[in-house]
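What follows is the residue order along each chain.
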Amino acid sequence: MASASSLISPISHCGRVRNVGRLGSLGIARFLGIRRGRSGSVASRRRKVAWGDRAGRILVGMGSKLVGCGSAVPKLQISNNDLEKIVETSDEWISVRTGIRNRRVLSEALQMAQVTPEDVDIVIMCTSTPENLFGDAARVQRELGCTGAWAFDVTAACSGFVVGLVTASRFIKGGGYQNVLVIGADALSQYVDWTDRGTCILFGDAAGAVLVQACSGDEDGLLGFNLQSDGNGERHLNAIIKDEKAVDFRSSANGAPFSPPGKPSYSCLQMNGKEVFRFAVRCVPESILSALDEAGLAPSSIDWLLLHQANQRIIDAVASRLQIPPGKVLSNLADYGNTSAASIPLALDEAVRGGKVAAGSFIATAGFGAGLTWGSAILRWG
């Protein structure tokens, strides 16, 4: 087996891959391509709100719709044939079991979005791989020039983007906000053991975003949702923090033994693939059906099924259980691998730009992953 050094820089922590460009300050501002324009305070741009009621929920304010999207993928691409030089595997073995043929490893971000920075009220950064322990949202807000926006991070792994969408809609309905930028961005290649065939074949890096905007109630683009979690499943998918052992010494104050905390680091990503598969094909269809019920729609009404791009067999199994034909399933997994919170907005952006998703299209989307967490949303595009 050939050395990995020809493809990847020397392993430091957790088989970390060399980053040429970043995804935190991340050039996200560049990939969003937001233009600078007129200014104005958040308060002055909020619409007046009114009480409403839908599906048993008491809601306040306007509807919310998805009006813009953008995505970024790194230039560095690692094929299945490349991985044959690192671990004992083959293109056939990987593609049959996962549907993945390539994955991108972070090198730089690109461009896109459709609003001026000063008009953005909130930036929601959905990521499990921030460059700063305290989150990247404020830095992204600064890079974008969203001077009037509040910014915060959401950590829900591969469910993060769906959680971000629902959160954005609640701020619009309940707080009268106008424009909420929801970003899904992850670089899990940093936490993959590149000698572990069970995980290194799966993950890639990417970023994607949508602009969620206030609208009238009859234009509402988030028609139903369902969010769930089960901490009992944490053992099946995690990257647990570990402490380096520190040297003990005695306190100068009272002589008591004291061991200062060691420098923390995260373990490589650990996954029980069989259990995650069982969880996904059982829970995701149930979640989508619950969201469809809230939306008052049947599976046959859906134009597109857009799942977190984790594994093609999971995508196919969920589509089969919902009786959604393959022609209505969006998948770009073969090109990018599992990009965590970025996978849904990345696939959505490609589908919109490619002309598949048009104004008025109904989309059933669902994220699922570490936590365990899972969630679904029924969307109307544009």
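Parameters and conventions
Residues numbered from 1 in each chain as written. Predicted model: local features only at pLDDT ≥ 70, side-chain atom pairs only at ≥ 80, totals over all residues. Heavy atoms only, no water. Core = buried A, V, L, I, M, F, W, Y, C linked by side-chain atoms within 4.5 Å. Buried < 20%, exposed > 50% of the residue type's maximum accessible area, 1.4 Å probe, protein only. Helix = DSSP H or I, 4+ residues; strand = E, 2+ residues; numbered from the N terminus. Contact = heavy atoms within 4.5 Å. Patch = residues over 30% accessible without salt bridge, like charges linked within 9 Å, V, L, I, M, F, W, Y side chains within 5 Å. Areas by Shrake-Rupley, 256 points an atom, 1.4 Å probe, with all protein chains shown as cover. Salt bridge = Lys/Arg side-chain N within 4 Å of Asp/Glu carboxyl O. Phe/Tyr/Trp six-rings, centres within 6.5 Å; stacked < 30°, edge-to-face > 60°. Expected span 1.5 Å × (residues − 1). Polar contact = N/O pair within 3.5 Å; in protein donor to acceptor, adjacent residues only side chain to side chain. Pairing = 2+ DSSP bridges. Axes fitted to C-alpha atoms, helices over the stretch in contact; angles between N-to-C directions. Right-handed = clockwise from strand over helix to strand, strands pointing away. Arc of directions from axis to C-beta.

Enquirer: Help me understand the nonpolar core, please; the structure alone is not making it clear to me.
Expert: Soluble, globular proteins show a tendency: their nonpolar side chains are buried together. Among the nonpolar cores identified, the biggest contains 36 residues, and Ile 124, Val 182, Val 210 and Ile 363 are the most heavily contacted of them. It is helix 6 (residues 160-175) that provides the largest number of residues to this core, a total of 6 residues. Setting aside its immediate chain neighbours within four residues, Val 210 contacts Leu 66, Gly 68, Cys 69, Phe 161, Leu 165, Val 180, Leu 181, Val 182 and Leu 348. Counting 25 residues, the second-largest nonpolar core is a separate cluster that includes Ala 291, Leu 307, Ile 315 and Val 329.

Enquirer: Would you mind going over a nonpolar patch on the surface with me for this structure?
Expert: A cluster of nonpolar side chains, contributed by Ile 240, Ile 241 and Tyr 266, occupies part of the molecular surface with about 260 Å² of accessible area. For Ile 241, the location among the structural elements is in strand 12 (residues 241-243).

Enquirer: Explain the packing of aromatic side chains to me, please; I cannot follow it from the model alone.
Expert: The geometry of an aromatic ring pair is captured by the separation of the ring centres together with the interplanar angle, meaning the angle of the planes. Applying the stated criterion to the full structure yields 6 aromatic pairs. Between Phe 152 and Phe 171, the ring centres sit 6.0 Å apart and the planes meet at 50°, which makes this aromatic pair tilted. In this pair, Phe 152 is assigned in strand 7 (residues 150-154) and Phe 171 in helix 6, connecting sequence segments 19 residues apart. For Phe 152, a relative accessible area of 17% translates into the label buried. Exposure remark for Phe 171: the relative accessible area of 23% places this residue in the partly exposed category. Their ring planes at 90° and their centres at 6.3 Å tell us that Tyr 191 and Tyr 266 sit as a pair that is edge-to-face. Of the two residues, Tyr 191 is situated in the loop between strand 8 (179-187) and helix 7 (197-200) and Tyr 266 in strand 15 (residues 264-266); the sequence distance between them amounts to 75 residues. Feature note: the residues Trp 150, Phe 152, Phe 171 and Tyr 177 constitute an aromatic cluster, connected by ring pairs.

Enquirer: It is not clear to me how helix 6 should be interpreted in this structure. Could you clarify?
Expert: Between its first and last C-alpha, helix 6 extends 21 Å over 16 residues, near the 22 Å set by a 1.5 Å rise per residue. Taken together, the buried positions of helix 6 are Gly 160, Phe 161, Val 162, Gly 164, Leu 165, Val 166, Ala 168, Ser 169, Ile 172 and Lys 173. Once helix 6 finishes, Gly 176 follows within two positions and takes phi at roughly 75°, a positive value.

Enquirer: I would appreciate a short explanation of the environment of Asp 153 in the present structure.
Expert: The residue Asp 153 is located in strand 7 in this model. Sequence separation of Asp 153 and Ala 138 is 15 residues, and the distance between their C-alpha atoms is 8.5 Å. Dropping the residues within four chain positions of it, Asp 153 is found in contact with Met 125, Thr 127, Gly 135, Asp 136 and Ala 137. A distance of 3.0 Å separates the side chain of Asp 153 from the backbone nitrogen of Asp 136, its partner in a polar contact. In terms of polar contacts, Asp 153 uses its side chain to reach the backbone amide nitrogen of Ala 137, at 2.9 Å.

Enquirer: Help me understand the sheet that holds strand 19 (residues 362-369), please; the structure alone is not making it clear to me.
Expert: Strand pairs in the sheet, formed through backbone hydrogen bonds, run parallel or antiparallel to each other. The strand order across the open sheet formed by 5 strands is 10-20-19-17-18, and the pairing between neighbours is mixed. A strand with exactly one partner marks an edge of an open sheet, and here the two such strands are strand 10 (222-229) and strand 18 (329-330). In the sheet, strand 17 (residues 304-307) pairs with strand 19 via 4 bridges, with the strands oriented parallel. Residue pairing in the sheet places Trp 304 in a bridge with Ile 363 of strand 19. Strands in contact with helix 6 are strand 10, strand 19 and strand 20 (373-380); relative to strand 10, the strand with the most contacts, it is inclined by about 125°. Contacts between helix 8 (residues 273-295) and the sheet are confined to strand 10, strand 17, strand 19 and strand 20, with strand 20 contributing the most and set at about 40° to the helix.

Enquirer: Is there a simple way to think about the environment of Arg 313 in this case?
Expert: As for its placement among the helices and strands, Arg 313 is situated in helix 9 (residues 312-321). On the basis of relative accessible area, Arg 313 is assigned to the partly exposed category, the value being 46%. Arg 313 sits 32 residues away from Val 281 along the chain, and the two C-alpha atoms are 9.3 Å apart.

Enquirer: What should I look at first to understand the sheet that holds strand 7 in this one?
Expert: Taking strand neighbours across the sheet as the criterion, the 5 strands line up as 3-9-8-6-7 in an open arrangement whose pairing is mixed. One side of each edge strand has no neighbouring strand; the edge strands of this open sheet are strand 3 (63-72) and strand 7. Direction aside, the axes of adjacent strands within the sheet are offset by 20° on average. Where strand 8 and strand 9 (residues 205-215) come together, 9 bridges link them in antiparallel fashion. Following the sheet pairing, Asn 179 is matched in strand 9 by Gln 213. Running at roughly 95° to strand 3, helix 11 (residues 343-353) makes contact with strand 3 and strand 9 of the sheet.

Enquirer: Any chance you could explain the pairing of strand 17 here in plain terms?
Expert: Consecutive side chains of a regular strand alternate in pointing toward one face of the sheet and then the other. Residues Trp 304 and Leu 306 of strand 17 are buried on one face, and the alternating residues Leu 305 and Leu 307, pointing to the opposite face, are buried as well. In terms of handedness, the path from strand 17 via helix 9 over to strand 18 forms a crossover that is right-handed.

Enquirer: So what exactly am I meant to see when it comes to helix 5 (residues 137-144) here?
Expert: Each α-helix winds once per 3.6 residues, and so residues spaced three or four apart point in a common direction. Restricting attention to buried positions, one finds in helix 5 the residues Ala 137, Val 140, Gln 141 and Leu 144. The arc enclosing the buried residues of helix 5, seen along the axis, measures out at 105°, which places them on a common side. Positive phi shows up at Gly 145, right after helix 5, with a value of about 80°.

Enquirer: Can you walk me through the pattern of salt bridges in this structure?
Expert: Opposite charge on two side chains permits them to pair, given that their charged atoms come into close proximity. Overall, the coordinates contain 7 salt bridges when judged by the stated rule. Here Glu 219 ties to Lys 65 by a salt bridge, and the two come within 3.6 Å at their closest N and O atoms. You can see Glu 219 sitting in the loop between strand 9 and strand 10 and its partner Lys 65 sitting in strand 3, a full 154 residues away along the chain. What makes Lys 65 buried here is its relative accessible area of 16%. In this structure, the salt-bridge partner of Asp 136 is Arg 139, at a minimum N-O distance of 2.9 Å. Assessed through its relative accessible area of 1%, Asp 136 is described here as buried. Classification of Arg 139 as partly exposed rests on a relative accessible area of 22%. One network of salt bridges, with partners in common, ties together Glu 131, Asp 136 and Arg 139.

Structural measurements only, silent on function.
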